[in-house]
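Analysis of the macromolecular model
One letter stands for each residue in the lines below.
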Amino acid sequence: MVTRTAERPARRPLAHGAVTCPRPVPGAALRLFLFHHAGGSHLLYRNWEHEFPSDWEVCVLDAPGRGRLSGVPLIDNTDALVTYFAREIQPWTDRPFAFFGHSMGSLVAYELTRRLAAEGRTLPVWLGVSACGAAPQPARGTTTPGARHLLTDDELRDWLRSVGGTPAAVLDEEATWSYFGPTFRNDFALVDTWRPAADAEPLRVPVSAFGGSDDPVVGRERLAAWAGRTERFLGVNMFDGGHFYLSQHRRPVARRITAAVAAARRTAPELRP
C-alpha cells in the first residue's frame, strides 16, 4: 500500500496597508521590498516571489490610489510619498531588508533610504535602481519630455505607447483611460518635479543599477551616474529590451538581485546610520 505524504498547504498572502506579502516566510533571513513604476502597481512584480531564495520574503508595495488603496488619495509629491512608505514599512523592518525599485520606484526607494538614514533608522543592506537616472532628464527631445504631467491626454498616451509597458486597452479605450489617466498624470508630476538634494551625501548603502539596452528614456550613462550617489557602487546591469525590459527577463534580473544582495551582506550584514 502506498502512503501519500500530505502536501503542505500554500501560505496565504498577507496584505496590510501599502504592503503585500504574496508568500510569507516565517523567520525569513531577508525581506525584499519592491517598488513599482509611475502609473503602475505591485502587479508589476506578479510571481516574482518564486524567483528568490526560499528564505527570502518578498514584499511588494502600492502607492496610494491603486489596487486595495484605490480609495486613498493619490500623492504627487516625493517627500510625502516617502513619508507614507516610511510609516508603512516600519513594522516589516524587524530583520535585514533590501530595496529594489523600477523607474519611479527607484527614486522613491532612493529617497526612502535617505530618509531612514536621516531618522537614524536601520538601513537596507542593498538598493537596486532600475530604469531611472541619478538626476532628472533634461527637458528636451520628443521621447523624454521634462513635464509629462503637463502633456495633453493624446500626447501622454502617445508617449506611453512609445515606451511600452502599458496595456493597449488602457491607452485606446476612453473609459479605461479616464480611470487610469489621472494616476499616470499624478505619478509623472512626482517624477518630473523630483530634484535630488544638491548637498546629499553619498549613501553608505551599496547600490546596483539595472536597465534595458534599448530604453528610450534612460540610457546607460544616466544609470552609471548612480555611482556618485553611493560610497559603494556595484555596477550597471544591462539587459536586452526597452524601459520595461524586466518583464522579459524576470529570472535573470532576480538572479542578479540575489547575487548583489549576497555581495552587499558579506561586507555589511546590518547597516545603521
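Residues numbered from 1 in each chain as written. Predicted model: local features only at pLDDT ≥ 70, side-chain atom pairs only at ≥ 80, totals over all residues. Heavy atoms only, no water.

Time to look at the overall build of the protein chain. Along its length, the protein chain carries seven helices and eight strands. With 273 residues in all, the protein chain has 52% of them scored as buried. Taking all contacts inside the protein chain whose residues are at least 6 apart in sequence as the whole, residues at least 24 apart take part in 78%. (Helix = DSSP H or I, 4+ residues; strand = E, 2+ residues; numbered from the N terminus. Buried < 20%, exposed > 50% of the residue type's maximum accessible area, 1.4 Å probe, protein only. Contact = heavy atoms within 4.5 Å.)

What follows covers empty space enclosed by the protein. Under the counting rule described, the total for this entry stands at one cavity of 30 Å³ or more. As a volume, the largest cavity reaches approximately 40 Å³. Examining the composition of the lining of the largest cavity, we find that three residues originate from one element, helix α2 (residues 104-118), more than from any other. Per-class residue counts for the lining of the largest cavity are five nonpolar, two polar and no charged. (1 Å grid on protein atoms, 1.4 Å probe; cavity = no way out; pocket = protein on both sides within 12 Å on 5 of 7 lines; lining within 4 Å. Points joined across faces, edges and corners; volume = space filled by probe spheres on them. Nonpolar A, V, L, I, M, F, W, Y, C, P; charged D, E, K, R; others polar.)

Two elements in contact, helix α1 (residues 78-89) and α2, have axes whose closest approach is 9 Å; the angle formed by their N-to-C orientations is 70°. On the basis of their axis angle, the class for α1 and α2 is roughly perpendicular. Crossing of α1 over α2 shows right-handed handedness. Counted together, Thr 78, Asp 79, Leu 81, Val 82, Thr 83, Phe 85, Ala 86 and Ile 89 of α1 and Leu 107, Val 108, Glu 111, Leu 112 and Arg 115 of α2 form the full contact between these two elements. Classifying every residue of the contact of α1 with α2 gives eight nonpolar, two polar and three charged. (Axes fitted to C-alpha atoms, helices over the stretch in contact; angles between N-to-C directions. Parallel < 35°, antiparallel > 145°, perpendicular 65-115°, else oblique. Left-handed = near helix turned anticlockwise from the far one by under 90°.)

It is worth spelling out helix α7 (residues 250-267) at this point. Over its 18 residues, α7 runs 27 Å from end to end, which matches the ideal 26 Å to within 8%, given 1.5 Å per residue. Taken together, the buried positions of α7 are Val 253, Ala 254, Ile 257, Thr 258, Ala 260, Val 261, Ala 263 and Ala 264. In the core, the buried residues of α7 are packed alongside β3 (30-35), β4 (56-61), β5 (97-102), β7 (207-212) and β8 (233-239). (Expected span 1.5 Å × (residues − 1).)

Right, let's talk about the pattern of salt bridges for a bit. Taken as a whole and assessed by the stated rule, the structure comprises 14 salt bridges. Salt-bridge contacts for Asp 187 lead to Arg 66; the nearest nitrogen and oxygen are separated by 2.7 Å. Of the two residues, Asp 187 is situated in helix α5 (residues 174-193) and Arg 66 in the loop between β4 and α1; the sequence distance between them amounts to 121 residues. Judged by relative accessible area, Arg 66 falls into the buried class, the value being 7%. Note that Arg 185 is salt-bridged to Asp 153, the shortest N-O span being 2.6 Å. Placement of the pair is Arg 185 in helix α5 and Asp 153 in helix α3 (residues 153-163), with a sequence separation of 32 residues. By sharing partners, the salt bridges in this structure join Arg 31, Glu 57, Asp 94 and Arg 95 into a single network. (Salt bridge = Lys/Arg side-chain N within 4 Å of Asp/Glu carboxyl O.)

Examined against the element boundaries, His 102 turns out to sit in strand β5. Owing to a relative accessible area of 0%, His 102 belongs among the buried residues under this scheme. Residues within four places of His 102 in sequence aside, it is in contact with Phe 35, His 36, His 37, Leu 44, Tyr 45, Ser 130, Ala 131, His 243, Phe 244, Tyr 245 and Leu 246.

With respect to the element layout, Asn 237 can be found in strand β8. Residue Asn 237 is classed as buried on the basis of its relative accessible area, which comes to 14%. With residues near it in sequence (within four places) discarded, Asn 237 still touches Ser 208, Ala 209, Phe 210, Gly 211 and Arg 256.

A residue-level look at the protein chain finds 90% of positions with pLDDT of 70 or above and a mean pLDDT of 90. Low pLDDT, under 50, characterises residues 1-9; the predicted model gives this stretch zero contacts beyond four residues in sequence or across chains. (pLDDT = per-residue confidence, 0-100.)

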